[in-house]
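# Structural overview
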Amino acid sequence: MITKKDFLDVQDFTKEEFLEMLEMIRLLKEADQKGIQLPLLARTTIALMFDQPSTRTRVSFESAMDKLGGDALYLETKTLHVGENRETLKDTALVLSGMVDAVMIRNESHDAIIELAKWSTVPVFNGMSSACMHPTQALCDVFTIMENMPAGKKLEDVNVMWIGDNSVDRSEDNLHIGGVCRSNALIASIMGYTFISCAPKPAEMLPQDVALVQANYKKSGGRFIQTDDPYEYIDQVDFIITDAWWYHGSDHLKDKKLDEFFPTYAVNDELIAAAPAWAKVMHPLPGNRGYEIAESVWDGPHSLLIEQAANRFHTQKGLLATFMYPRAREQKEALVSYYTAQVEQALTQTVDKIAGTHYDA
């Protein structure tokens, strides 16, 4: 019997385990680029639960599952019975576990994702818990970094600067949405490369998150740096990453965020000119063109935005194969043949009559 494990939080895995996942992603991407698709998850199904709009997460999981030979069911939370004063997450998890082989969930509440995973008997993937965590994106970003490192550098030598909204403070008077930054800082500290958090004071990473990152760096040997000046370390940076300053559901914050970030924390031509010639720009998307990143940089030679987005698909393939294939592999061909024969034997004349097929009385 294979023990179930979930992909909920980057803190749940070691550097060695991430390297194994990253190698799986690399291998499946290499095969995909040669036109080879491996039906590793044939006869399996994943349920995709969303309570928010999604482009990259939804399409990457659906497409990845299809390319691996399985099926994906898109489930909007509002179309399900689960919710406040309705069916509990426990009951939903147990019901889905009896019908599918894995669950991916994007939810406003990280606690809701943890609760679903607690009761699910099949693997659960965190497709983003709003302001708190986006582990699949963080793994994708590490993969994209590894594919684009400067010549001669190892991952541990890389310097990443995350600029802009880096806080996950959800208080009414200081609302920020830096969950992707949080996940990236944590995975960087596990993998051991330098992470520079660049933000104005109200938007800098929360002290408790910084403490987690620094504890990880004590083990990995990397460096964590905080600054409110985008130019302080720019001459050392290999990758500049930013994220949306406002997002669906927080469009009312646009004017406040522009006052807070623009133009000082925008990735523009002036900032790129101060960076090393090889520096690359990343953004998890969706983004606000001309704000977090200038149009000229967004579409320019330093941009990895579209390549990074495409890597979401390859990342999901690697994750699905890693977490689901060991369970799918238990479907031994001998047992498949045995039960196929049993079903054929059960298709008696009576059954054929019920189905209205070819047998006469």
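Residues numbered from 1 in each chain as written. Predicted model: local features only at pLDDT ≥ 70, side-chain atom pairs only at ≥ 80, totals over all residues. Heavy atoms only, no water.

## Examining the overall build of the chain
Looking only at helices and strands, the chain has 13 helices and nine strands in total. Whereas a compact globule of 361 residues would reach a radius of gyration of roughly 21 Å, the chain reaches 23 Å, a difference of no more than 12%. Taking the intrachain contacts of the chain between residues at least 6 apart in sequence as the baseline, contacts between residues at least 24 apart amount to 74%. Surface summary for the chain: the accessible area is close to 16,800 Å², and the carbon and sulfur share equals 53%. Within the chain, one finds 34 positive and 52 negative side-chain charges whose respective centroids are separated by 5 Å. (Helix = DSSP H or I, 4+ residues; strand = E, 2+ residues; numbered from the N terminus. Rg over C-alpha atoms; globule rule 2.2 N^0.38 Å. Contact = heavy atoms within 4.5 Å. Areas by Shrake-Rupley, 256 points an atom, 1.4 Å probe, with all protein chains shown as cover. Lys, Arg positive; Asp, Glu negative; His and termini not counted. Charge placed at Lys NZ, Arg CZ, Asp CG, Glu CD.)

## Side note on the UniProt feature "domain: Aspartate/ornithine carbamoyltransferase Asp/Orn-binding" (unreviewed entry) in the chain
As recorded in UniProt, the sites labelled "domain: Aspartate/ornithine carbamoyltransferase Asp/Orn-binding" (unreviewed entry) are residues 157-322. Within the segment residues 157-322, helix and strand shares are 38% and 12% respectively, and the terminal C-alpha atoms sit 27 Å apart. (UniProt positions renumbered as here; feature names shortened; annotations may be inferred.)

## Description of the nonpolar core
By size, the foremost hydrophobic cluster in this structure holds 53 residues, and its most contacted members are F18, F125, Y193, F195 and L320. If one sorts the elements of this core by residue count, helix α6 (residues 179-191) sits on top with eight residues. Counting contributing residues, this core receives three or more from each of domain 1 (10-130 + 311-327) and domain 2 (135-299). If sequence neighbours within four positions are ignored, Y193 has contacts with V142, I145, L155, E156, V158, V160, I187, A188, Y217 and R223. Within the second largest apolar cluster, 29 residues are counted, among which are I163, I225, L258 and L271. (Core = buried A, V, L, I, M, F, W, Y, C linked by side-chain atoms within 4.5 Å. Buried < 20%, exposed > 50% of the residue type's maximum accessible area, 1.4 Å probe, protein only. Domains from an automatic or database assignment.)

## A closer look at the pattern of salt bridges
With the rule as written, the count across this model stands at 16 salt bridges. Among the salt bridges present, the one from D238 reaches K153, with a minimum N-O distance of 2.7 Å. Linking D238 in the loop between β7 (224-227) and β8 (239-241) with K153 in the loop between α5 (135-147) and β5 (159-163), this pair joins segments that are 85 residues apart in sequence. Residue K153 is classed as partly exposed on the basis of its relative accessible area, which comes to 25%. If you follow the salt bridges from partner to partner, you end up with E23, R26, E30 and K34 in one network. (Salt bridge = Lys/Arg side-chain N within 4 Å of Asp/Glu carboxyl O.)

## Some remarks on the pairing of strand β2 (residues 71-76)
The pairing of strand β1 (residues 45-50) with β2 spans six bridges and is parallel. Looking across to β2, one finds that I46 is bridged to A72. After leaving β1, the chain enters helix α2 (residues 56-67) and then returns to the sheet as β2, a path that is right-handed. (Pairing = 2+ DSSP bridges. Right-handed = clockwise from strand over helix to strand, strands pointing away.)

## Regarding the sheet that holds strand β3 (residues 102-106)
Spatially, four strands are ordered β2-β1-β3-β4 in an open sheet, and the strand pairing comes out parallel. Two strands lie at the open edges of the sheet, namely β2 and β4 (124-126), each paired on one side alone. Going from strand to strand, the sheet's axes swing by 20 degrees on average, the running direction of each strand aside. The sheet contact formed by β3 and β4 spans three bridges and is parallel. What sits directly across from M104, in β4, is F125. Of the strands in this sheet, β1, β2, β3 and β4 are in contact with α2, which crosses β1 at around 175 degrees. Contacts from helix α11 (residues 305-328) reach β1, β3 and β4, with the element oriented near 155 degrees to β4. (Axes fitted to C-alpha atoms, helices over the stretch in contact; angles between N-to-C directions.)

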